[in-house]
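Each chain, letter by letter, is given below.
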Amino acid sequence: MNYLLENQESQRLYYRKVLPSDFTAWLPFHQEPKSTQYWEGLPKDPEIACKEQFQQIFHRYDNALGGMNALISKNDNTLIGLCGLLVQEVDGERELEIGYSILPEYWRQGFAFEAAHKCKEYAFSKQLASHLISIIHIDNIPSQKVALKNEMLLEKTTSYKNNPVHIFRINA
């Protein structure tokens, strides 16, 4: 099953696969301490953290586990962030997650919601899942607000990759 939103678009964004050449444009995400302040277990070195994230993205592509899409501004063709549908294992259950990360310079401009909403619409219109989740650290209030605005409801609190998280869910 193809979970990627290749060639999709929303009001301000184009969606495409992440390319190795996006590394330099994405590195500032890992250089900003607030980007990853909630998540334990990530490499402290921004370059290593970015390399590991890209390896994970390409692993997902190669193994049909969904993946992040590059979010490209229609305005100036720059990389704004990453968002996608990710096959995850949470508490022993296979789930389809809406994941999103935005470059710091584009925070608080509605891009995370726009991208997450597009993922939700795409997944349900293509009948990729009967429900979707978002896995969000319990202290990450901005991401929780995005999930709530995307009509997701807090279902439970659990541990995911040694981090305390809220699981937000929406049914088709």
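Just so you know, these numbers come straight off a predicted model, no measurement behind them. (Residues numbered from 1 in each chain as written. Predicted model: local features only at pLDDT ≥ 70, side-chain atom pairs only at ≥ 80, totals over all residues. Heavy atoms only, no water.)

Details of the overall build of the protein
Helix and strand content of the protein: four helices and seven strands. Oriented by its inertia axes, the alpha-carbon framework of the protein measures out at about 35 × 35 × 30 Å. Across the 172 residues that make up the protein, the buried fraction comes to 49%. The distance from the centre of the 18 positive side-chain charges to the centre of the 21 negative ones in the protein is 4 Å. (Helix = DSSP H or I, 4+ residues; strand = E, 2+ residues; numbered from the N terminus. Buried < 20%, exposed > 50% of the residue type's maximum accessible area, 1.4 Å probe, protein only. Lys, Arg positive; Asp, Glu negative; His and termini not counted. Charge placed at Lys NZ, Arg CZ, Asp CG, Glu CD.)

What to know about the packing of helix H1 (residues 23-31) against helix H2 (residues 46-62)
Relative placement of two packed helices is described by the angle separating their axes and the distance separating the axes. With their axes 9 Å apart at the nearest point, H1 and H2 run at an angle of 120 degrees to one another. It follows from the interaxial angle that H1 and H2 lie oblique. For the element pair H1 and H2, the recorded crossing hand is right-handed. Contact residues: Phe 23, Trp 26, Leu 27, His 30 and Gln 31 in H1; Pro 46, Glu 47, Ala 49, Cys 50, Lys 51, Gln 53 and Phe 54 in H2. Taken together, the residues of the contact of H1 with H2 break down into seven nonpolar, three polar and two charged. (Axes fitted to C-alpha atoms, helices over the stretch in contact; angles between N-to-C directions. Parallel < 35°, antiparallel > 145°, perpendicular 65-115°, else oblique. Left-handed = near helix turned anticlockwise from the far one by under 90°. Contact = heavy atoms within 4.5 Å. Nonpolar A, V, L, I, M, F, W, Y, C, P; charged D, E, K, R; others polar.)

Side note on the nonpolar core
Counting 48 residues, the largest nonpolar core has Trp 26, Leu 71, Leu 85, Leu 96, Ile 98, Tyr 100 and Leu 132 as its most contacted members. At eight residues, the largest contribution of residues to this core is made by helix H3 (residues 111-125). Counting residues in hydrophobic clusters, the runner-up holds six residues, among them Ile 133, Ile 135, Tyr 160 and Ile 167. (Core = buried A, V, L, I, M, F, W, Y, C linked by side-chain atoms within 4.5 Å.)

Considerations on the layout of surface pockets
Roughly 1600 Å³ of internal volume is contained in the largest pocket. Along the walls of the largest pocket sit 49 residues, with Phe 29, Tyr 100, Ser 101, Asn 140 and Ser 143 positioned nearest its centre. Secondary-structure elements contributing two or more residues to the lining of the largest pocket are H1, H2, strand S2 (66-73), strand S3 (79-90), strand S4 (93-102), H3, strand S5 (131-137) and helix H4 (141-149). A per-class count over the lining of the largest pocket returns 23 nonpolar, 17 polar and nine charged. Here the second largest pocket is characterised by a volume of approximately 180 Å³. Looking at the second largest pocket, the residues that line it are His 30, Pro 33, Thr 36, Gln 37, Trp 39, Glu 40, Leu 42, Pro 43, Lys 44, Asp 45, Pro 46 and Ala 49. When grouped by side-chain class, the residues that make up the lining of the second largest pocket number six nonpolar, three polar and three charged. (1 Å grid on protein atoms, 1.4 Å probe; cavity = no way out; pocket = protein on both sides within 12 Å on 5 of 7 lines; lining within 4 Å. Points joined across faces, edges and corners; volume = space filled by probe spheres on them.)

Quick word on the pattern of salt bridges
Tallying each qualifying case throughout the model produces seven salt bridges. Two residues, Glu 114 and Arg 12, come together in a salt bridge whose shortest N-O distance is 2.7 Å. On the criterion of sequence distance, the pair formed by Glu 114 in helix H3 and Arg 12 in the segment before strand S1 (13-17) is long-range, its members being 102 residues apart. Glu 95 is the salt-bridge partner of Arg 169, the closest N and O atoms lying 3.0 Å from each other. (Salt bridge = Lys/Arg side-chain N within 4 Å of Asp/Glu carboxyl O.)

A look at the environment of Leu 19
Looking at the element boundaries, Leu 19 is found in the loop between S1 and H1. You can call Leu 19 partly exposed: its relative accessible area is 38%. Distance in space between the C-alpha atoms of Leu 19 and Phe 58 is 8.9 Å, their sequence separation being 39 residues. Setting aside chain neighbours within four positions, we find Leu 19 in contact with Phe 54 and Phe 58.

With respect to the packing of aromatic side chains
In the structure shown here, the tally under the stated rule is six aromatic pairs. Centre to centre, the rings of Trp 26 and Phe 29 are 4.6 Å apart; their planes meet at 15 degrees, and the pair counts as stacked. Remark: Phe 29 and Trp 26 occur in helix H1; sequence separation between them is three residues, near one turn of the helix. This pair shows no difference in class: Trp 26 is buried, exactly as Phe 29 is. Their ring planes at 75 degrees and their centres at 6.0 Å tell us that Phe 54 and Phe 58 sit as a pair that is edge-to-face. Separated by four residues within a single helix, Phe 54 and Phe 58 lie in helix H2, roughly one turn from each other. Here Phe 58 falls in the partly exposed class, since its relative accessible area comes to 24%. Clustering of aromatic rings is evident, with ring pairs tying together Phe 23, Phe 54, Phe 58 and Tyr 61. Positioned above the aromatic ring of Phe 111, the side-chain terminus of Arg 12 is 3.9 Å from the ring centre. (Phe/Tyr/Trp six-rings, centres within 6.5 Å; stacked < 30°, edge-to-face > 60°. Lys NZ or Arg CZ within 6 Å of the ring centre and 35° of its normal.)

Keep in mind these values describe shape, not function.
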